[in-house]
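The chain contents come next:
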Amino acid sequence: MQPFWIVVEDSDSEYVLHYEHFLLKKAFAEDDHTVSFTVPVSEPLPPQYFIRVRMRLTIDGRQCGAA
């Protein structure tokens, strides 16, 4: 199993609008996956959102983040 963090940020990367943990099992690594979520919307509408997926790596028994 490989853990990931999915993070949605505003266009200025000032605010995290949504985040969630996603576990990918090796048996399904080649399959397509769909993640659904809702983020707050305010006026004026932002020009874009950024979705970042960060993988958690284990090196010598220690966990570290990777972008």
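Here goes a summary of the coordinates provided. (Residues numbered from 1 in each chain as written. Predicted model: local features only at pLDDT ≥ 70, side-chain atom pairs only at ≥ 80, totals over all residues. Heavy atoms only, no water.)

Attention now goes to the overall build of the protein. Across its full length, the protein carries 0 helices and 4 strands. The order of α-helices and β-strands along the protein, N terminus first, is β-β-β-β. Across the 67 residues of the protein, 16% fall into the buried class. Relative to all contacts within the protein whose residues are 6 or more apart in sequence, the contacts with residues 24 or more apart total 40%. By element, 53% of the accessible surface of the protein is carried by carbon and sulfur atoms, the whole surface being about 5,600 Å². (Helix = DSSP H or I, 4+ residues; strand = E, 2+ residues; numbered from the N terminus. Buried < 20%, exposed > 50% of the residue type's maximum accessible area, 1.4 Å probe, protein only. Contact = heavy atoms within 4.5 Å. Areas by Shrake-Rupley, 256 points an atom, 1.4 Å probe, with all protein chains shown as cover.)

As enumerated under the stated definition, the model contains 1 salt bridge in all. For Glu9, the salt bridge is made with Arg52, and the minimal N-O distance between the two is 2.7 Å. Of the two residues, Glu9 is situated in strand β1 (residues 2-9) and Arg52 in strand β3 (residues 50-59); the sequence distance between them amounts to 43 residues. For Glu9, a relative accessible area of 13% gives the class buried. (Salt bridge = Lys/Arg side-chain N within 4 Å of Asp/Glu carboxyl O.)

Put simply, Glu43 and Pro44 share a cis peptide bond, and its omega is -5°. The residue Pro44 is located in the loop between β2 (16-24) and β3 in this model.

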